[in-house]
Amino acid sequence: NVSQMVVLGEGDRVEGIIDESDVLMALLHEPQAAASKPVSEFMTRRLETVPPSAKIADLVPIFRADRVAIVADDKAFYGIITRIDLINYLRKQLK
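Below: a short report on this structure. All of these numbers come straight from a predicted model, not from anything done at the bench. (Residues numbered from 1 in each chain as written. Predicted model: local features only at pLDDT ≥ 70, side-chain atom pairs only at ≥ 80, totals over all residues. Heavy atoms only, no water.)

1. Brief notes about the overall build of the protein chain
Just so we agree on the cut-off: The helix and strand labels rest on DSSP assignments: H or I over at least four residues marks a helix, E over at least two residues marks a strand, and numbering proceeds from the N terminus. The method behind every accessible area is Shrake-Rupley, applied with a 1.4 Å probe, and residues are considered shielded solely by the protein chains displayed. Note on charges: Lys and Arg go in the positive column, Asp and Glu in the negative column, and His and the chain ends are not counted at all. To locate a charge, take atom NZ for lysine, CZ for arginine, CG for aspartate or CD for glutamate.
Check the secondary structure of the protein chain and you find 3 helices and 5 strands. In sequence order, the protein chain lays out its α and β elements as β-β-α-β-α-β-β-α. Each principal axis of the C-alpha atoms in the protein chain carries an extent, and together these give about 50 × 30 × 20 Å. Carbon and sulfur atoms provide 54% of the accessible area of the protein chain, an area that totals close to 7000 Å². Across the protein chain, the 12 positively charged side chains and the 14 negatively charged ones have centroids separated by 8 Å.

2. Thoughts on the layout of surface pockets
Empty space left among the atoms is revealed by rolling a probe the size of a water molecule over them. Applicable threshold: For each structure, a 1 Å grid was placed over the protein atoms alone; sets of points admitting a 1.4 Å probe that cannot get out are labelled cavities, open sets with protein on both sides within 12 Å along at least five of seven lines are labelled pockets, and lining residues have an atom within 4 Å of a point. Grid points are joined across faces, edges and corners, and a volume is the space filled by probe spheres set on the points.
When its volume is computed, the largest pocket comes out at roughly 340 Å³. Contributing to the lining of the largest pocket are 17 residues, with Q4, D19, D66, R67 and V68 lying nearest its centre. Among the elements of the structure, β2 (14-19) and α1 (20-29) are those that each provide at least two residues to the lining of the largest pocket. Residue contributions to the lining of the largest pocket peak at 3 residues, all from α1.

3. Details of the side chain of Q4
Stated precisely, the cut-off is as follows: Distance and chemistry together define a polar contact, namely a pair of N or O atoms within 3.5 Å, with one atom able to donate a hydrogen and the other to accept it when in protein, and with adjacent residues in sequence counting only for side-chain atoms on both sides. We call two residues in contact whenever any of their non-hydrogen atoms come within 4.5 Å of each other.
Inspection of the secondary structure assignment puts Q4 in strand β1 (residues 4-8). A distance of 3.2 Å separates a polar atom in the side chain of Q4 from a polar atom in the side chain of S3. Those residues within four positions of Q4 in sequence are excluded, and the remaining contacts are I17, I18, D19, V68, I80 and T82.

4. Regarding the nonpolar core
Put simply, the rule reads: The set of buried Ala, Val, Leu, Ile, Met, Phe, Trp, Tyr and Cys residues whose side-chain atoms join them within 4.5 Å is what this entry labels a nonpolar core. Buried residues are those whose accessible area, probed at 1.4 Å on protein chains only, stays under 20% of the maximum for their type, while exposed residues exceed 50% and partly exposed ones sit between those limits.
Of all hydrophobic cores here, the largest spans 7 residues; its members are V50, L59, I62, F63, A69, V71 and L86. When residues of this core are assigned to their parent elements, the largest contribution, 3 residues, is made by helix α2 (residues 56-64). Not counting chain neighbours up to four residues away, the residues in contact with A69 comprise E48, V50, L59, I62, F63, G79, I80 and I81.

5. Some thoughts on a nonpolar patch on the surface
To keep things clear, this is the line we draw: Without a salt bridge and with relative accessible area above 30%, a residue can belong to a patch; like charges are then joined within 9 Å and nonpolar side chains (Val, Leu, Ile, Met, Phe, Trp, Tyr) within 5 Å. Each reported salt bridge corresponds to a side-chain nitrogen of Lys or Arg within 4 Å of a carboxyl oxygen of Asp or Glu.
A contiguous nonpolar patch, built from L24, M25 and L28 and spanning about 290 Å² of accessible area, is present on the exposed surface. Counting through the fold element by element, L28 comes out in helix α1.

6. Re unusual backbone geometry
The general pattern is negative phi for most residues beyond glycine and trans for most peptide bonds. A positive phi angle, close to 60°, is found at D12, a residue other than glycine. Note that D12 resides in the loop between β1 and β2. A positive phi is found at D66, a non-glycine position, where the angle reads about 65°. Relative accessible area serves as the criterion here: at 59%, D66 is assigned to the exposed category.

The values are spatial; any link to function lies outside them.
Set out below in structure tokens:
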């Protein structure tokens, strides 16, 4: 079950992110044309990037803005962190 994916460009540089609402809006507005257009036409380019060394406190403002944290630095893209990822991590810390 994937609700969002990072879109990588040349050199594995993060270009954007596409989520289920982006796909839904594309299909609602242009049902026939959406399948033949590049993802870049529908993806979100407003990104919240944090380095691998980021602290949990660095994630809070990102999640308050209803976004996901993209973990990347100049060398590589490492992944994304969602609210549910953080909730699951904190839940495991309680055990």
